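# Breakdown of the fold
Take a look at the letters that make up each chain.
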Amino acid sequence: MNFDDYRGVWVFIEQNASKIEGVSLELLGAGRKLADKLQVPLAGFLLGHEIKPLVNQVIAYGADEVYVIDQPILKHYRTESYMQGVMLLAQKYKPEIILYGATPNGKDLASAVATDLSTGLTADTTMLDVDATNRLLEASRPAFGGNIMATILCKKHRPQMATVRPKVMKALEPDSARHGKIIEEKIDLKEEDMRTKVLKIVNDVTKKASLAEAHVIVCGGKGMGDLQNFQLIHELAETIGASVGGTRDVVEAGWLPHEQQVGQTGETVTPKIYFAIGISGAIQHVVGMKNSEFIIAINKDPNAPIFDVATYGIVGDALEIVPKLIEHFKQLKTEKGGEISYA
Ligand SMILES: Cc1cc2nc3c(=O)[nH]c(=O)nc-3n(C[C@H](O)[C@H](O)[C@H](O)COP(=O)(O)OP(=O)(O)OC[C@H]3O[C@@H](n4cnc5c(N)ncnc54)[C@H](O)[C@@H]3O)c2cc1C
């Protein structure tokens, strides 16, 4: 394998019902920095049916090139057809780096492609950089139970691939004046050759989606003491129109379902405001919330690690402070005519 044949940074543009997933736009932002360091074009690749109107958006968010395969057989995500599409593109155009969102479909596709291309894949990455001299992708992720960050390299194979968690990278501001190159391809695959059929699409309307999308989150930890005290977390959230989250210890205690766990083995969240109440700030929790805009921590231990990532810290007993906050916000709501605005 001649590594010099491989050039360019590519991002899988995941779309559902002709809407681009947020993580793909975030990856264009991250990919832009890598491509600039390597002095190569940044490309997005888009598979689906009737998706051509999305191409301009991919360019506006930072891509120099967009590879498109637009065929009815790609209307819904299926491993087999999408993998064939990516294989065709990767083998013909030989990108040196391919990034995918760590979504269910992104992870499924990336692992299938890695197997068929006999290359490496770093899963669930939270940091990306590149060693421009050796043209090596540095994909970092928590390892050994989150106690260390491991930086993983793929020195012997190409392309270098990683899946990246949603909401950890920042998308660029879209620029509709940008221009890019569009390259169209076709896969030779018939519906009758497909082993899977999509019979019905059922949308997930559980709380899980709402936590990831929430603008304000009140997250409680084991420091709340027991299930009864944890009701204060629900009451504060209800008062200010926030979603409720918890640490893994809270979920293990049965105070919340797993869908509401924030952290390495739960949801990654980036709300405007994140209340961390009675939470120590273990690395496995912090990786899931550290990109929140404002973090307000309440903990009775002034040395709790959560204060290292907090914008504002209140040292004290949550069981005394939270009822006061609830009372204050209820009063504020009455004064403001029933609504608190986060604009
Ligand atoms: C592989 C692996 C994956 C993990 N994944 C996750 C994950 O996804 N999410 C996650 O959250 N954790 C995860 N963990 C667990 C993590 O390491 C911590 O154990 C957990 O986050 C601690 O939860 P906590 O902060 O609620 O509890 P504790 O660490 O027990 O902290 C409680 C805090 O509350 C404070 N406190 C106590 N009483 C009060 C009071 N009255 N008022 C104010 N403060 C008070 C204490 O000072 C303390 O700081 C994972 C661990 C491993 C090994």
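Above this text you will find the structure in question.
First things first, this report covers the structure right here in the doc. Predicted model only: the values in this text are computed from it and were never measured.

A word on helix 3 (residues 79-93). A rise of 1.5 Å per residue sets the reference length of helix 3, with its 15 residues, at 21 Å; its end C-alpha atoms lie 21 Å apart and thus fit the reference within 8%. What helix 3 keeps buried is the set Glu80, Ser81, Tyr82, Met83, Gly85, Val86, Met87, Leu89 and Ala90. Those residues of helix 3 that are buried lie in contact with strand 1 (9-13), strand 2 (15-16), strand 4 (42-48), strand 5 (65-70), strand 6 (97-101) and helix 4 (104-117). Count one or two residues on from helix 3 and you reach lysine 94, which has phi positive near 50°.

Using the criterion set out here, one finds 10 aromatic pairs in the structure. An angle of 50° between the planes, with centres 6.0 Å apart, marks the rings of phenylalanine 12 and tyrosine 100 as tilted. Of this pair, phenylalanine 12 sits in strand 1 while tyrosine 100 is found in strand 6, placing the two residues 88 residues apart along the sequence. Like tyrosine 100, phenylalanine 12 is buried. Seen from the ring of phenylalanine 3, arginine 158 lies directly overhead, with NZ or CZ sitting 4.1 Å from the centre.

Attention shifts here to the site of the ligand. In the region of the ligand, 25 residues are neighbours, and Lys222, Thr247, Thr265, Ser280 and Asn299 sit closest. Within the side chain of aspartate 249, an N or O atom sits 3.3 Å from an oxygen atom of the ligand. Between an oxygen atom of the ligand and a side-chain N or O atom of serine 280, the distance comes to 2.7 Å. When the ligand sits alone it has 990 Å² of accessible area, and the protein chains cover 78% of it. Residue assignment for the shell around the ligand shows that the elements contributing at least two residues are helix 7 (248-252) and helix 8 (283-286).

Now for helix 4. For the α-helix, the turn length of 3.6 residues means that residues three or four positions removed from each other point alike. Over its 14 residues, helix 4 extends 20 Å from the first C-alpha to the last, a length consistent with the 20 Å expected when each residue adds 1.5 Å. Every buried residue of helix 4 is accounted for by Gly106, Leu109, Ala110, Ala112, Val113, Ala114 and Leu117. Packed against the buried residues of helix 4 are strand 1, helix 3, strand 6, strand 7 (121-125) and strand 11 (160-164). Immediately beyond the C-terminal end of helix 4, within one or two residues, lies serine 118, with a positive phi of roughly 50°.

One can describe the packing of helix 6 (residues 227-240) onto helix 10 (residues 318-335) by two numbers: an axis separation of 9 Å at closest approach and a directional angle of 20°. With respect to each other, helix 6 and helix 10 are oriented roughly parallel. In this structure, helix 6 crosses over helix 10, and the sense of that crossing is left-handed. When helix 6 is examined against helix 10, the residues Asn229, Leu232, Glu235, Leu236, Glu238, Thr239 and Ile240 are found in contact with a partner set consisting of Leu319, Val322, Pro323, Leu325, Ile326, Phe329, Lys330 and Lys333. Split into classes, the residues belonging to the contact of helix 6 with helix 10 amount to nine nonpolar, two polar and four charged.

Summarising the element assignment, alanine 114 is placed in helix 4. Residue classification places alanine 114 among the buried positions, given a relative accessible area of 8%. Each C-alpha atom, one on alanine 114 and one on histidine 76, is 21 Å from the other, the two residues being 38 residues apart in sequence. If we ignore the near neighbours within four places in the chain, the residues touching alanine 114 are Thr119, Leu121 and Met161.

Looking now at the side chain of glutamate 26. By the secondary structure assignment, glutamate 26 is in helix 1 (residues 22-38). No salt bridge is formed by the buried glutamate 26; its nearest oppositely charged neighbour, lysine 167, is found at 6.1 Å. Excluding residues that lie within four positions of it along the chain, glutamate 26 makes contacts with Arg165, Pro166, Lys167, Val168, Met169, Lys170 and Ala171.

The rules behind these values
Residues numbered from 1 in each chain as written. Predicted model: local features only at pLDDT ≥ 70, side-chain atom pairs only at ≥ 80, totals over all residues. Heavy atoms only, no water. Helix = DSSP H or I, 4+ residues; strand = E, 2+ residues; numbered from the N terminus. Expected span 1.5 Å × (residues − 1). Buried < 20%, exposed > 50% of the residue type's maximum accessible area, 1.4 Å probe, protein only. Contact = heavy atoms within 4.5 Å. Phe/Tyr/Trp six-rings, centres within 6.5 Å; stacked < 30°, edge-to-face > 60°. Lys NZ or Arg CZ within 6 Å of the ring centre and 35° of its normal. Near = heavy atom within 4 Å. Polar contact = N/O pair within 3.5 Å; in protein donor to acceptor, adjacent residues only side chain to side chain. Areas by Shrake-Rupley, 256 points an atom, 1.4 Å probe, with all protein chains shown as cover. Axes fitted to C-alpha atoms, helices over the stretch in contact; angles between N-to-C directions. Parallel < 35°, antiparallel > 145°, perpendicular 65-115°, else oblique. Left-handed = near helix turned anticlockwise from the far one by under 90°. Nonpolar A, V, L, I, M, F, W, Y, C, P; charged D, E, K, R; others polar. Lys, Arg positive; Asp, Glu negative; His and termini not counted. Salt bridge = Lys/Arg side-chain N within 4 Å of Asp/Glu carboxyl O.

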